[in-house]
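# Understanding the architecture of this molecule
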Amino acid sequence: MLPYVQPVDANGVPLIDFLPETDRVDVHVLAASASEDISVPAGAKFCVLTADVDFYYNTNAAAAVPTADVTDGTGSRFAAADTNVKLVVEDVEDISVIASAACKVSAVWWGG
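What this report covers is the structure whose coordinates are included nearby.

Quick notes on the rules
- Residues numbered from 1 in each chain as written.
- Predicted model: local features only at pLDDT ≥ 70, side-chain atom pairs only at ≥ 80, totals over all residues.
- Heavy atoms only, no water.
- Helix = DSSP H or I, 4+ residues; strand = E, 2+ residues; numbered from the N terminus.
- Buried < 20%, exposed > 50% of the residue type's maximum accessible area, 1.4 Å probe, protein only.
- Contact = heavy atoms within 4.5 Å.
- Core = buried A, V, L, I, M, F, W, Y, C linked by side-chain atoms within 4.5 Å.
- Pairing = 2+ DSSP bridges.
- Axes fitted to C-alpha atoms, helices over the stretch in contact; angles between N-to-C directions.

## With respect to the environment of D52
Structurally, D52 is set in the loop between β3 (46–51) and β4 (55–58). The class for D52 is partly exposed, based on a relative accessible area of 39%. For the pair D52 and A102, spaced 50 residues apart in sequence, the C-alpha to C-alpha distance is 9.3 Å. If we ignore the near neighbours within four places in the chain, the residues touching D52 are A81, D82, C103 and K104.

Printed below as a string of structure tokens:
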């Protein structure tokens, strides 16, 4: 797995809108309202999640689409469609994802 090396311009300024090349991309096809676990590959330290619809994700429990207030700290995090969600995953085993509609979620991985 390639390491995460932030691209820079000719002056050494980080290009924060660009992601480095990778050799590991997983794509998960989700059924509507069904959570799915994405296993973090051995050696992965960084992940970027992107989906073609709004989705929720959780690194501590099964992701859930909220239907009421969640005030005990167990809620899932929201990600808008086509947004790059950047995660540090070196201490994470699985990332649970869920969406209200059927969708595709890509997980792009980098090592250290």
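More follows now that the structure is in view.
## A closer look at the nonpolar core
For soluble globular proteins, nonpolar side chains are generally found buried alongside one another. Of all hydrophobic cores here, the largest spans 21 residues; its most connected members are L49, F55, Y57, V89, I95 and W109. Sort the elements by how many residues they give to this core and strand β8 (residues 103–110) lands first, with four residues.

## Some thoughts on the pairing of strand β7 (residues 94–98)
Of all five residues that make up β7, four are buried, and the element is covered over most of its length. One ladder, built from four bridges, connects strand β2 (residues 36–39) with β7; its direction is antiparallel. Paired with E36 across the two strands is V97, which belongs to β7. In the sheet, β4 pairs with β7 via three bridges, with the strands oriented antiparallel. Paired with Y56 across the two strands is I98, which belongs to β7.

## Remarks on the sheet that holds β8
Read from one edge of the open sheet, four strands run β1-β8-β3-β6, paired in antiparallel fashion. Because the sheet does not close on itself, it has two edges, and the strands there are β1 (25–30) and β6 (85–88). In this sheet, neighbouring strand axes are inclined to one another by 20° on average, regardless of whether the strands run parallel or antiparallel. Note that β3 and β6 share four bridges and pair antiparallel. Residue pairing in the sheet places F46 in a bridge with V88 of β6.

## Focus on the environment of L30
Within the element layout of this structure, L30 appears in strand β1. The spacing of L30 and I95 is 65 residues in sequence and 13 Å in space, taken between C-alpha atoms. If we ignore the near neighbours within four places in the chain, the residues touching L30 are E36, V97, I98, A99, A102, C103 and V105.

## A word on unusual backbone geometry
The general pattern is negative phi for most residues beyond glycine and trans for most peptide bonds. Positive phi outside glycine occurs at S33, with the angle close to 60°. Take S33: it is sitting in the loop between β1 and β2. Note on S33: relative accessible area 51%, which makes it exposed. You will see that D82, though not glycine, has its phi angle at about 65°, which is positive.

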